[in-house]
Amino acid sequence: QLQLVESGGGSVQPGGSLKLSCAASGFTLEYYVFGWFRQAPGKERERVACISSSGGSIKIADSVKGRFTISRDNAKKTVYLQMNNMKPEDTAIYYCAAADSPIRSDYTPPYNAEYDYWGQGTQVTVSS
């Protein structure tokens, strides 16, 4: 069975940091692209970051570029999202997602529909 479980969410003050983890059970991790998405109330789901199956290609949304980074550890079957210098507009539910059988090892799917598996989400709140 394939399952994604996020952890590490919570509350943080502006300028602070959080690190989210996505534990992937049942995956041969190197066969999958992983992405982090977020959705705030009244807003569209946004792809925050994505890392290719090879780990060699990374995409970061303009809204978080320079502040957020994505990484993966295939041996630990875990994907991470490091969030630094956080802002109130980063408040959202954050989701981990995986896409099967990428066309290339450096492919980073831009569309939500391309992701096959999703975690349950974890709440991140940035406020004073």
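Throughout, a residue's number is its position along its own chain's written sequence, starting from 1. Thresholds applied to this predicted model are a pLDDT of at least 70 for local features of residues and 80 or more for the giving and counting of side-chain atom pairs; totals over whole chains, interfaces and linings are not thresholded and use all residues. Processing note: side-chain calculations cover all non-hydrogen atoms of the structure and skip hydrogens and water entirely.

## Some details on the pattern of salt bridges
Salt bridge, as used here: a side-chain nitrogen of Lys or Arg that lies within 4 Å of a carboxyl oxygen of Asp or Glu. As enumerated under the stated definition, the model contains four salt bridges in all. For Asp62, the salt bridge is made with Lys65, and the minimal N-O distance between the two is 3.2 Å. Through salt bridges with shared partners, a single ionic network connects Arg38, Glu46, Arg67 and Asp90.

## Things to note about the state of the cysteines
Put plainly, a disulfide is one covalent bond tying together the sulfur atoms of two cysteines. By disulfide we mean two sulfur atoms from cysteines, separated by a distance within 2.5 Å. Overall, the coordinates contain one disulfide when judged by the stated rule. Here Cys50 is not disulfide-linked; the sulfur of Cys96 is the nearest cysteine sulfur, at 10 Å.

## Comments concerning the side chain of Thr108
Among the secondary structure elements, Thr108 is positioned in the loop between strand 9 (92-100) and strand 10 (117-118). Note on contacts: a residue pair qualifies if any of its non-hydrogen atoms lie within 4.5 Å across the two residues. Other than its neighbours up to four places away in sequence, Thr108 contacts Val33, Arg47, Cys50, Ile51, Ser52, Ser57 and Lys59. Helix and strand assignments follow DSSP, with helices taken as H or I runs no shorter than four residues and strands as E runs no shorter than two, numbered in order from the N terminus.

## Concerning the pairing of strand 3 (residues 18-25)
Two strands pair when backbone bridges link them, and strand 1 (residues 3-7) and strand 3 are joined in this way by five bridges, in the antiparallel orientation. What sits directly across from Val5, in strand 3, is Ala23. Each pair of strands is called paired provided DSSP finds at least two bridges between the two strands. Summarising the sheet, strand 3 and strand 8 (residues 78-83) pair through six bridges and their orientation is antiparallel. By the bridge assignment, Leu18 is partnered in strand 8 with Met83.

## Focus on the packing of aromatic side chains
The criterion for an aromatic pair is that two Phe, Tyr or Trp rings (for Trp, the six-membered ring) have centres within 6.5 Å, with stacked assigned to planes under 30 degrees apart, edge-to-face to planes over 60 apart and tilted to the rest. Under the defined criterion, the tally for this structure stands at seven aromatic pairs. Remark: a charge is flagged as sitting over a ring if the NZ atom of Lys or the CZ atom of Arg is within 6 Å of the ring centre and within 35 degrees of the ring normal. We note Lys19 situated over the ring of Tyr80; from NZ or CZ to the ring centre the distance is 4.6 Å. For Arg45, the ring lying beneath its charged end belongs to Trp118, and the centroid distance is 4.5 Å.

## A few points about the side chain of Thr122
With respect to the helices and strands, the residue Thr122 is situated in strand 11 (residues 122-126). Excluding anything up to four places from it in sequence, Thr122 contacts Glu6, Gly9, Leu20, Ala92, Ile93 and Tyr94.

## Considering the nonpolar core
Formed by 29 residues in total, the largest nonpolar core has its most connected members in Leu4, Phe34, Trp36, Leu81, Met83, Tyr94 and Val124. Put simply, the parts of the chain that give this core at least two residues each are strand 3, strand 4 (32-39), strand 5 (46-51), strand 7 (68-73), strand 8, strand 9 and strand 11. Here, nonpolar core refers to any group of buried Ala, Val, Leu, Ile, Met, Phe, Trp, Tyr and Cys residues whose side-chain atoms link them within 4.5 Å. With a 1.4 Å probe rolled over the protein chains alone, any residue whose accessible area is under 20% of its type maximum counts as buried; one over 50% counts as exposed, and the rest are partly exposed. Counting six residues, the second-largest nonpolar core is a separate cluster that includes Val33, Cys50, Ala97 and Ala99.

## Topic: the pairing of strand 8
Of all six residues that make up strand 8, five are buried, and the element is covered over most of its length. Pairing of strand 7 with strand 8 involves six bridges; the strand directions are antiparallel. Bridging from a neighbouring strand, Thr69 pairs with Gln82 of strand 8. The antiparallel hairpin formed by strand 7 and strand 8 contains four residues in its connecting segment, where Lys77 sits at a positive phi of about 55°.

## Focus on the sheet that holds strand 7
As summarised here, the arrangement of the four strands in space is 1-3-8-7, forming an open sheet in which the pairing is antiparallel. Of all the strands in the sheet, just strand 1 and strand 7 have a single pairing partner and so form its edges. Between one strand axis and the next, the sheet turns by 15° as a mean value, whatever way the strands run. For helices, the fitted axis covers only the stretch in contact; all axes are lines through C-alpha atoms, and the angles between them, taken along N-to-C directions, range from 0 to 180 degrees.

## Some points on unusual backbone geometry
For Lys77, which is not a glycine, the phi torsion comes out positive at approximately 55°. Residue position: Lys77 is located in the loop between strand 7 and strand 8. Even without being a glycine, Asn85 presents a positive backbone phi close to 45°. Position of Asn85 relative to the elements: it lies in the loop between strand 8 and strand 9.

Read these as geometric descriptors, not functional statements.
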